[in-house]
Amino acid sequence: MRSTSEGGRAYEDRFLGMIQLLLSFTTSTLYKQILDTVRREKSFKMAASDSDDSLYPIAVLIDELRNEDVQLRLNSIKKLSTIALALGVERTRSELIPFLTDTIYDEDEVLLALAEQLGNFTPLVGGQEHVHCLLPPLESLATVEETVVRDKAVESLRKIAGDHSSADLEAHFVPLVKRLAQGDWFTSRTSACGLFSVPYPRVSSTVKAELRTNFRNLCGDDTPMVRRAAAGKMGEFAKVLELEYLKSDLIPLWTNLASDEQVQNDSVRLLAVEACVSIASILPPEDLETLVMPTLKNAAEDKSWRVRYMVADKFTELQMAVGPEITKKELVPAFQGLLKDCEAEVRAAAANKVKEFCENLPEDIREATIMTSILPCVKWSFSLQDLVSDANQHVKSALASVIMGLSPILGKDNTVEHLLPLFLLMLKDECAEVRLNIISNLDCVNQVIGIHQLSQSLLPAIVELAEDTKWRVRLAIIEYMPLLAGQLGVEFFDEKLNSLCMSWLVDHVYAIREAATNNLKKLVEKFGAEWAQSTILPKVVGMAQDPNYLHRMTTLFCINVLADVCGNETTMKVLLPVVVKLAADAVPNVRFNVAKTIQKIGSQFDATTINNQCKPCLEKLQSDQDYDVKYYAQEAMSVLCDAA
């Protein structure tokens with residue numbers, strides 16, 4: 001009788017043989033016969049040793065690769081590494097990879113998963129020595145119609161390119177790039193654009209010249225999609241190019257793409273703007289003004305608003321790339337032009353960059369440039385009055401989110417004289433988001449002008465906003481209140497803002513009432529428990545008598561959060577009696593919140609208090625007619641008993 005190990009080896013040989021057959025035959029009749037054989041092997045598997053149990057699932061995965069159900073094929077593709085491990089590196093190279101290459105024609109989601117899996121297959125085909133065998137299926141995937149599949153295939157090709165030796169790059173990878181670049185369909189040519197920068201640094205001079213020639217052809221391709229792809233990848237190709245070829249070969253190509261005359265294909269020109277950042281960061285300063293700036297200035301005045309938008313969006317990156325001298329001479333006027341643009345989207349993008357652009361200005365000219373070139377655009381008597389009082393709320397919102405950041409740059413005097421009027425104007429804007437952005441950045445101004453000036457100038461407007469009809473504006477004020485209170489001090493706060501904070505507890509919007517309770521906790525943390533006992537708690541306790549049950553519930557919510565910061569003694573003597581009294585409330589919602597509150601604060605009490613006050617209250621609630629009240633009372637009682 002054969003031993004278990006011999007039976008296991010026989011079983012393994014049979015199953016691997018079947019897997020090989022599955023990979024070899026593609027006709028439907030033979031394929032069905034083989035699948036029937038695989039399924040019959042389940043009975044044979046039961047007789048094999050436990051160590052061989054993994055082989056049958058491998059056969060099932062192979063089975064599912066050709067299943068009519070897309071989800072089954074997708075699941076099997078995602079487990080390709082398991083199949084490859086079972087086959088071994090040699091069979092993976094000779095059988096599985098050719099099989100996958102022949103089954104490229106599938107649903108897009110299956111192909112996407114396959115492209116992703118193949119990028120991690122290097123160790124499964126035998127390492128760097130054999131990694132080139134992964135190129136054929138990925139090459140096919142890089143030519144399919146679906147963009148996301150092509151992009152994932154290019155990503156995997158770039159990944160495995162690093163595993164190639166220099167010799168293998170020239171022998172296998174570069175020919176693939178050439179085939180894609182010279183393909184009949186634009187899909188292959190667009191994929192090729194993303195591959196040039198990968199092998200270029202590691203190949204010979206002759207091959208480098210061929211790669212540059214192929215990239216040049218793609219930049220002049222008749223198909224706009226190919227030119228767009230070339231423009232998008234030009235920046236990364238520029239980073240690996242030698243400086244002499246960057247000047248002689250790539251910059252003329254970039255200039256042509258940046259002035260592509262097809263208006264409907266302005267995406268070519270706007271992607272060329274992205275490449276400008278990389279090119280400008282590589283070139284020496286003396287070449288920037290002649291080779292880059294004319295094209296960049298044309299882009300900032302392009303007839304397509306999308307190109308101008310891209311310039312505005314990348315402006316600070318361009319500023320850092322070209323350096324301070326060109327910024328002074330060329331970029332400041334260009335930035336003013338973008339801020340005055342006729343399209344709201346361009347103005348909004350430029351407005352978003354105001355703070356960062358000003359911060360990056362050379363220190364010796366920073367303040368003067370802001371005062372003479374940027375601030376005049378912000379004041380209503382000059383051209384950028386259109387931003388402060390712009391009809392487009394996105395422009396106003398963008399400016400409001402950054403304009404406060406100019407205060408630390410300009411200093412106290414300039415802030416008080418030039419910026420405070422603008423802040424006040426924006427605080428009264430009809431757009432809630434504009435007011436919100438100003439409120440959220442008040443700390444920038446406070447650091448510069450001090451709390452006294454802030455309270456005199458902006459506090460009245462803030463108090464007005466605290467009663468704004470838009471609840472999100474009120475919410476923003478509440479969230480800012482603890483910081484403002486810490487800066488004002490307890491006396492000023494009690495005089496000016498205390499009553500305001502308490503009024504939020506009875507707001508008609510729940511989110512405001514909830515934020516107001518958390519606000520009280522933060523205020524007590526700043527001002528102390530004694531301040532809470534004299535100022536906050538009397539008003540909170542008084543709300544327990546309010547006719548509106550929502551306000552009585554707010555009392556319980558306040559007790560939940562204040563118990564943590566007021567101390568055990570205050571909680572037991574002042575807050576607990578209020579909770580116990582509310583257990584007799586006529587509204588079930590109040591009563592079950594009493595149970596939840598006792599559960600929350602009960603851990604602070606000693607055994608005597610729990611037994612004499614908490615448990616009797618909960619026992620009464622456990623016999624309540626309302627189901628929810630009984631449920632929460634039982635839950636609270638269980639927690640207190642466990643704690644005891």
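In this text the structure is predicted, and so the values were computed from the model without any measurement.

Caption draft 1: Spatial organisation of the side chain of T517. As for its position among the elements, T517 is in helix α33 (residues 510–527). We classify T517 as buried; its relative accessible area is 5%. In this structure T517 touches L505, T554, F557, C558 and V561, once residues within four positions along its chain are discounted.

Caption draft 2: A look at helix α6 (residues 89–102). Here α6 is 14 residues long and its end C-alpha atoms lie 19 Å apart, about the 20 Å a rise of 1.5 Å per residue gives. L96 marks where α6 bends most, by close to 30°; the proline P98 follows one to four residues later. Inspection of α6 places T92, E95, L96, I97, F99 and L100 among the buried residues, and these make up the whole buried set.

Caption draft 3: Representation of the confidence of the model for the protein chain. On average, residues of the protein chain carry a pLDDT of 80, and 86% of them reach 70 or more. Note on residues 1–12: pLDDT is under 50 here. Beyond four places in sequence and across chains, it has eleven contacts. Every residue in residues 18–57 is under pLDDT 50, and counting partners more than four places away or in other chains gives 52 contacts.

Caption draft 4: Representation of the nonpolar core within the structure. Counting residues in each nonpolar core, the largest one holds 207 residues, and the members touching the most others are F121, I403, W504 and L562. Not counting chain neighbours up to four residues away, the residues in contact with L562 comprise L520, K521, V524, I536, L537 and V540.

Caption draft 5: Geometry of the packing of aromatic side chains. Evaluation of the coordinates by the stated rule reveals 14 aromatic pairs. A ring pair is formed by F315 and F335, whose centres lie 5.2 Å apart and whose planes are at 35°; its orientation type is tilted. One end of the pair, F315, is in helix α19 (residues 315–322); the other, F335, is in helix α20 (residues 324–339), with 20 residues separating them in the sequence. For the pair shown, F315 and F335 are each scored as buried. Relative to F527, the ring of F493 lies with its centre 5.6 Å away and its plane at 55°, an arrangement referred to as tilted. With F493 in helix α31 (residues 490–496) and F527 in helix α33, the pair connects residues that are 34 residues apart, well separated along the chain. Taken together, the ring pairs connect F196, Y200, F215 and F237 into an aromatic cluster. Residue placement shows R212 over the ring face of Y245; its charged tip is 3.5 Å from the ring centre. Lying across the ring of Y632, K596 places its NZ or CZ 5.1 Å from the centre.

Reading the values: rules and limits
Residues numbered from 1 in each chain as written. Predicted model: local features only at pLDDT ≥ 70, side-chain atom pairs only at ≥ 80, totals over all residues. Heavy atoms only, no water. Helix = DSSP H or I, 4+ residues; strand = E, 2+ residues; numbered from the N terminus. Buried < 20%, exposed > 50% of the residue type's maximum accessible area, 1.4 Å probe, protein only. Contact = heavy atoms within 4.5 Å. Expected span 1.5 Å × (residues − 1). Bend = angle between axes of the 7 residues up to and from the residue. pLDDT = per-residue confidence, 0-100. Core = buried A, V, L, I, M, F, W, Y, C linked by side-chain atoms within 4.5 Å. Phe/Tyr/Trp six-rings, centres within 6.5 Å; stacked < 30°, edge-to-face > 60°. Lys NZ or Arg CZ within 6 Å of the ring centre and 35° of its normal.

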